[in-house]
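Listed below, chain by chain, are the residues.
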Amino acid sequence: MRSELNGPSAADVFPHPEYLRTVLEPNFRHAVKFFFQPLIEINRAHAIMLALCGILSRKHLRPLLGALRQVTSERSNLDAYSFQGAEEDLYFFMERRLEEICGPEVSGHLSVARSRNDVDMTLYRMVLREELLRTASKVAELQETLLQLADIHVSTILPVVTHTQLAQPTTLGHYLMAAAEFLERDLKRFRQAYAHVNCCPLGACVATTTGFAIDRHRLAQLLGFEGALENAYGCIASVDYLVESVGTLSALMINLGRFIQDLLLWTSQDVDLIHLPDGFVQSSSIMPQKRNPVALEHLRILASNSVGQCQSIVLDLHNTPFGDIVDTEDDLQPVVRTAFEYSSRVLDLLTAVLGSIEVNVEKALRKCQGGEITLSELADWMVQFRQIPFRSAHKIVSRVARVLRQQPARRQGESLPQRVSLLLEQASRELWAKPILVPPARISRILDPHHFVKVRKVFGGPAPAVVRRSINRHRKLATGHRRWLAGAAERLRQYPRHLERA
């Protein structure tokens, strides 16, 4: 046991060297990089609001704003600043620096009616709203690339795969529109998340506001928020704004990860449906013939990394007290930044890849010809034109498909339509008690993959006319999203100017 006569140990002096090294300094560096400018703007807005409310005199406002301008000019010096923890964090560092510039009798007024609690929560929201907007803008760019590609391939026949087996023909345009459509939902989720993030908690102070007659709505307006978050306790304690944001990001990355997995499969030599330009492939160190689709492999792991960071955030927040705790604050913020950074890399690279891929149109069509992939249309035809119940037609065609698999070889000179016509007659005699005679020429038309796609013209189907309507509809929706993104970005660009003029 340490004797009191020996004086204080390292554990008795704040900060302990290990606490400084493992917590305070990393958090300070992160705050300087991401939160310095928002903190300057918060201080300006708070000073202006206090003056407008008659709480801060004009004679104190001017030197405070001048000191904030000087601190802003010193930003580059912080990269080389030797942080020793005397100020604990960026909030207190800036408070001390303002005191050095304009004196405690002036700078001390800035601490009226606020706390580090509400300032921190405002900082987090200000940075997060920017990240949401940037990510949503990249999603919109990716969606536009998909719409252009779908328009080009609106009639390109492509096999649908279910349970890893060839199922039915569709078109590449139809497939790509499925991806464009989930991006439409992702954009809606980003807009909703942005609306919930872009509410100002400033003025909540510790968690109960203040006895001073401040104007929280003016604070929100000065900082470009859409409004003030109402309940002061919730301003400090609530984290659903963050959970919703990373949940939105996670949904996007999961959607794209599954899409990327398909693209990677399509580049394999066995499937060979798409070709990546040389800029996105690497050779082997030993096998000169190799074309490794590494860009898609990197995309897959980057998307997984983003999802992993999002899950880490949710786990960090789960079962924490509903109040002011560090679990929801500084230590969590780098993880948020990393999640969005990974997703940004995914969106940029995937947009570039999709803008340059080449599609093996002929091979995609061949996979839908000469086999069983269109036999479901034969069952549908029997229902429509021979009035056979679908389940009976299904059994008959299943028998045809089984024989085709077991005995793929045909007699010399016999075509596939001729063989199917003969097998259909035999199966129907056994299972329907009377033969169904369909000439080979009709069988050929029924089994044609272009016909298969063309007749599927209900809403959401792969018929080219239907897909074109879908493309046009989503382009209109995309225009609305771009307008919203441009408006939101412009408001965030403008509020610092309004703040400066104020």
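I will try to describe carefully the structure that is included in this document.

Thresholds applied
- Residues numbered from 1 in each chain as written.
- Predicted model: local features only at pLDDT ≥ 70, side-chain atom pairs only at ≥ 80, totals over all residues.
- Heavy atoms only, no water.
- Helix = DSSP H or I, 4+ residues; strand = E, 2+ residues; numbered from the N terminus.
- Rg over C-alpha atoms; globule rule 2.2 N^0.38 Å.
- Contact = heavy atoms within 4.5 Å.
- Areas by Shrake-Rupley, 256 points an atom, 1.4 Å probe, with all protein chains shown as cover.
- Phe/Tyr/Trp six-rings, centres within 6.5 Å; stacked < 30°, edge-to-face > 60°.
- Buried < 20%, exposed > 50% of the residue type's maximum accessible area, 1.4 Å probe, protein only.
- Pairing = 2+ DSSP bridges.
- Salt bridge = Lys/Arg side-chain N within 4 Å of Asp/Glu carboxyl O.
- Axes fitted to C-alpha atoms, helices over the stretch in contact; angles between N-to-C directions.
- Left-handed = near helix turned anticlockwise from the far one by under 90°.
- Core = buried A, V, L, I, M, F, W, Y, C linked by side-chain atoms within 4.5 Å.
- Parallel < 35°, antiparallel > 145°, perpendicular 65-115°, else oblique.
- Nonpolar A, V, L, I, M, F, W, Y, C, P; charged D, E, K, R; others polar.
- Expected span 1.5 Å × (residues − 1).
- Polar contact = N/O pair within 3.5 Å; in protein donor to acceptor, adjacent residues only side chain to side chain.

For the chain, the helix and strand inventory stands at 18 helices and six strands. Computed over its C-alpha atoms, the radius of gyration of the chain comes to 32 Å, more than 25% above the 23 Å expected for a compact globule of 502 residues. If one aligns the C-alpha atoms of the chain with their principal axes, the spans along those axes are about 105 × 50 × 40 Å. Within the chain, contacts between residues at least 6 apart in sequence are counted, and of these 75% link residues at least 24 apart. Only carbon and sulfur atoms are counted for the fraction: they give 53% of the accessible area of the chain, which is about 25000 Å².

Before going further, it helps to spend a moment on unusual backbone geometry. A cis geometry characterises the amide bond from Phe14 onward to Pro15, with omega recorded as -5°. Secondary-structure assignment places Pro15 in the segment before α1 (17-52). If you check the backbone angles, Thr209 has positive phi at about 60° while not being a glycine. Mapped onto the elements of the fold, Thr209 is located in the loop between β3 (199-200) and α7 (216-222).

What follows is about the packing of aromatic side chains. Taken as a whole and assessed by the stated rule, the structure comprises twelve aromatic pairs. Arranged with centres 6.0 Å apart and planes meeting at 45°, the rings of Phe28 and Tyr81 form a pair that is tilted. Taken as a pair, Phe28 in helix α1 and Tyr81 in the loop between α2 (58-73) and α3 (90-102) lie far apart in primary sequence, 53 residues in all. Overall, the relative accessible area of 1% leaves Phe28 in the buried class. With centroids separated by 4.9 Å and ring planes inclined at 50°, the aromatic side chains of Tyr175 and Trp266 adopt a geometry described as tilted.

Here strand β1 (residues 157-162) runs beside strand β2 (residues 165-171); their pairing, made up of six bridges, is antiparallel. In the strand pairing of β2, Ile157 is matched with Thr171. Linking two consecutive strands that pair antiparallel, namely β1 and β2, is a turn of two residues; a positive phi of about 55° is found at His163 within it.

This brings us to the pattern of salt bridges. The full count for this structure, using the stated rule, is 25 salt bridges. The partner of Arg96 in a salt bridge is Glu100, and the shortest N-O contact between them spans 2.3 Å. Of this pair, Arg96 and Glu100 are both found in helix α3, four residues apart, which corresponds to roughly one turn of the helix. For Glu100, a relative accessible area of 47% gives the class partly exposed. Here the residues in one salt-bridge network are Glu74, Glu87, Arg96, Arg97 and Glu100, joined through shared partners.

As a further point, take the packing of helix α13 (residues 375-386) against helix α14 (residues 390-406). Orientation of α13 relative to α14, taken along the N-to-C sense of each, is 145°, at an axis distance of 9 Å. You can see that α13 and α14 cross each other, and the crossing is right-handed. The segment α13 lies against α14, with Leu375, Leu378, Ala379, Asp380, Met382 and Val383 engaging Phe390, Ala393, His394, Ile396, Val397, Ala401 and Leu404.

Within the secondary structure, Glu131 sits in helix α5 (residues 116-152). The residues touching Glu131, leaving out its near neighbours within four places in the chain, are Val336, Arg337 and Phe340.

Of all hydrophobic cores here, the largest spans 128 residues; its most connected members are Leu256 and Phe259. Per-element accounting of this core gives the leading share, 17 residues, to α5. Once you skip the residues sitting within four places of it in the chain, Leu256 turns out to touch Leu142, Phe182, Leu183, Val346, Leu347 and Leu350. With 23 residues, the next largest nonpolar core counts Leu375, Ile388, Val397 and Ile443 among its residues.

The subject of this paragraph is the packing of α5 against helix α11 (residues 333-354). The contact between α5 and α11 brings their axes to 10 Å, and the two run at 15°. Classified by the angle their axes make, α5 and α11 are roughly parallel. Considering how the two elements wind past one another, α5 and α11 form a crossing that is left-handed. Among the residues making up the contact of α5 with α11, the classes are represented as 13 nonpolar, six polar and five charged.

Look at α5: 55 Å from first C-alpha to last across 37 residues, which is about the 54 Å you get at 1.5 Å a residue. By the criterion of burial, α5 is predominantly enclosed, with 28 of the 37 residues buried. For α5, the N-terminal cap is Ser115; the gap from its side-chain oxygen to the backbone nitrogen of Asn117 is 2.9 Å.

Take Asn198: it is sitting in the loop between α6 (172-197) and β3. Overall, the relative accessible area of 2% leaves Asn198 in the buried class. For Asn198, the residues in contact, after removing those within four places along its chain, are Arg129, Gly224, Phe225, Glu226 and Gly227.

All right, on to the environment of Ser57 then. Topologically, Ser57 is positioned in the loop between α1 and α2. For Ser57, a relative accessible area of 29% corresponds to the partly exposed category. Along the sequence, Ser57 and Leu499 sit 442 residues apart, while their C-alpha atoms lie 18 Å from each other.

Below, the discussion takes up the environment of Glu87. With respect to the helices and strands, the residue Glu87 is situated in the loop between α2 and α3. Taking the C-alpha atoms as reference, Glu87 lies 41 Å from Ile254; in sequence the two are 167 residues apart. In contact with Glu87, other than residues within four places in its own chain, are Tyr81, Phe92, Phe93 and Arg96. A polar atom in the side chain of Glu87 sits 3.0 Å from the side chain of Arg96.

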